[in-house]
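So the chains spell out like this:
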Amino acid sequence: MVPGTCWRCLLLSFFFLRGSAQNFAQTRFICTSVPVDVDMCTSSIQNSPTEDLKTTVLQLRETVLQQKETIMSQKDTIRELTTKLATCEGQTVLEPPSNELKPGAPGGRRKEAGAPKNTMGDLSRAPTQETLLQLGQSLQALKTRLENLEQYNRGNSSTQANSLKDLLQNKIDDLEKQVLSRVNSLEEGKTSQRNDTDQRGKIESTLTSLHQRITDLEKGQKESRPADKFQLTFPLRTNYMYAKVKKTLPEMYAFTVCMWLKSNASPGVGTPFSYAVPGQANELVLIEWGNNPMEILINDKVAKLPFVINDGKWHHICVAWTTRDGVWEAYQDGILRGNGENLAPYHPIKHQGVLVLGQEQDTLGGGFDATQAFVGELAHFNMWDRKLTVGEVYNLATCSNKALTGNVISWAESNIEIFGGATKWTFDACRQIN
């Protein structure tokens, strides 16, 4: 025996957790040395390793119970997800892609974020009667250009020239028959979507070839025609056909902008022109989008214009404005149709911007939206840094020999750069109204 100590034997029973029941294990005797001057019970509680083991066992038991609850919860979640997955797999009917446009912001000048854009790339994935109608309109534009070429070359009796024109005309006629055939097939629902896509691809390929050949023919006319006797054609509503004016605008405290337009697009003819500057995409915009009337935007402020031009005929329009009190005037075919005030008063038109014909800009020089694109023909776009008089506007609309040309932007081929398949060909405004 060790001096100063006494040996005492302490009987401890261990209980082990098995499932949800507790059973007695074998009884064991453990002898522990306890100093004489120390209380045995206190010492056993503080120093016994069995207490630590017991605590660990309880903690493990608590952890097991928590994990069991988690597993049960996860089983419910898995069961719910499995049910939903089975429901999804059971849906075999696919909804056709929607061609409907999402509503835009107030005034019809912006599309809702994330809305699909109606480009030719989108259209080719799901051929529709609307797509084929657009192809038909493109064919009609080609035929009109051929008629122009025939008028221009009427005095040319060259057998080669006549043979080429006849070949182009025959190809256009064949394409028209194909388009008509496709419309009939769609109506009867007898052709698969894959065949539709292949057929449309062939038509588009032939159209591209025709456009290029006619454009090559038209290039031969440029040297012998006046610099302003041309027009721009935007046959389809896309986000890549446009023209860019090479000159930018100076800072202006007044302006008059005039042009000839021809369109039968619906709903809305689109955006004949837009001028954007750093920090303001809507510095100066003319737009007719959706079922809204045509509008003029200056620094994002809007005035509704009394124009009605989507009848497929040529119309001459002018918009005049001055920063003083924001006074504006709108002319159609040489006649004052409307006026107002308080349109962006005392805001000068800023310089160092980008002027685009045929598209509305959401960013400087870009951000085009097919739903806001201009569809039709445009010519004689001129701009002045002052308000023209009623008489001056009338002279422009009637092709008077006193008609002015723009002192800020004048209509000349050297001032215009075209992109994306927009075409440029001979046009004489005076011949349209005489």
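Residues numbered from 1 in each chain as written. Predicted model: local features only at pLDDT ≥ 70, side-chain atom pairs only at ≥ 80, totals over all residues. Heavy atoms only, no water.

As recorded in an unreviewed UniProt entry, the protein chain goes by the name Pentraxin (PTX) domain-containing protein, listed as coming from Hymenochirus boettgeri. Per its UniProt entry, the protein chain bears the Cofactor (unreviewed entry) comment "Ca(2+)". (UniProt positions renumbered as here; feature names shortened; annotations may be inferred.)

Would you mind going over the packing of aromatic side chains in detail, with residue names and values included?
By the definition in use, this model includes six aromatic pairs. Each member of the aromatic cluster is reached from another via a ring pair, and the members are Tyr242, Phe368 and Phe419. If you follow Lys424 out to its NZ or CZ, it ends over the ring of Phe230, 5.7 Å from the centre. (Phe/Tyr/Trp six-rings, centres within 6.5 Å; stacked < 30°, edge-to-face > 60°. Lys NZ or Arg CZ within 6 Å of the ring centre and 35° of its normal.)

Which residues make up the pairing of strand S16 (residues 376–384), and what values do they have?
Successive residues of a regular strand alternate their side chains across the two faces of the sheet. Within S16, nine of the nine residues are buried, leaving the element largely enclosed by the surrounding structure. As paired strands, strand S5 (residues 230–234) and S16 are joined by four bridges and run antiparallel to one another. When the bridges of S16 are listed, Gln231 appears paired with Ala379. Across six bridges, the pairing between strand S7 (residues 254–262) and S16 is antiparallel. In the sheet register, Cys258 faces S16, and the bridge partner there is Asn382. (Buried < 20%, exposed > 50% of the residue type's maximum accessible area, 1.4 Å probe, protein only. Helix = DSSP H or I, 4+ residues; strand = E, 2+ residues; numbered from the N terminus. Pairing = 2+ DSSP bridges.)

Report on the state of the cysteines, specifying residues and quantitative values.
In total, this model carries one disulfide according to the counting rule given. The side chain of Cys258 participates in a disulfide bridge whose partner is Cys318; the two sulfur atoms lie 2.0 Å from each other. One quick way to see it: the torsion about the S-S bond of Cys258 and Cys318 is about 115°, and its sign makes the bridge right-handed. Of the two residues, Cys258 is situated in strand S7 and Cys318 in strand S12 (residues 314–322); the sequence distance between them amounts to 60 residues. An identical accessibility class is assigned to Cys258 and Cys318; each is buried. (Disulfide = S-S within 2.5 Å.)

Would you mind going over the nonpolar core in detail, with residue names and values included?
One finds Phe273, Ile296, Leu357 and Phe381 to be the most contacted residues of the largest nonpolar core, which totals 49 residues. In contact with Leu357, not counting residues within four places along its chain, are Leu232, Phe234, Tyr242, Ala243, Val245, Pro272, Phe273, Leu378, Phe381, Trp411 and Ile416. If you look at the next biggest cluster of nonpolar residues, it comprises seven residues, including Tyr331, Leu388, Val393 and Leu396. (Core = buried A, V, L, I, M, F, W, Y, C linked by side-chain atoms within 4.5 Å. Contact = heavy atoms within 4.5 Å.)

Describe in detail helix H7 (residues 390–397), supporting the description with residues and values.
Those residues of H7 that sit buried are Glu392, Val393, Asn395, Leu396 and Ala397. Just past H7, the residue Cys399 takes up positive phi, approximately 60°.

Kindly report on the pairing of strand S6 (residues 242–245), identifying the contributing residues and their values.
Where S6 meets strand S17 (residues 416–419), four bridges bridge the pair, whose relative direction is antiparallel. The partner of Tyr242 across the bridge, within S17, is Phe419. Where S6 meets strand S15 (residues 354–357), two bridges bridge the pair, whose relative direction is antiparallel. Bridging from a neighbouring strand, Lys244 pairs with Val356 of S15.

Explain the sheet that holds strand S8 (residues 270–277) to me, using residue names and the numbers behind them.
On the basis of which strands lie adjacent, the open sheet formed by seven strands has the order S11-S10-S9-S8-S15-S6-S17 and antiparallel pairing. Of all strands in the sheet, those bounded by a partner on one side alone are strand S11 (301–304) and S17. Ignoring which end each strand starts from, the neighbouring axes of this sheet average 20° apart. (Axes fitted to C-alpha atoms, helices over the stretch in contact; angles between N-to-C directions.)

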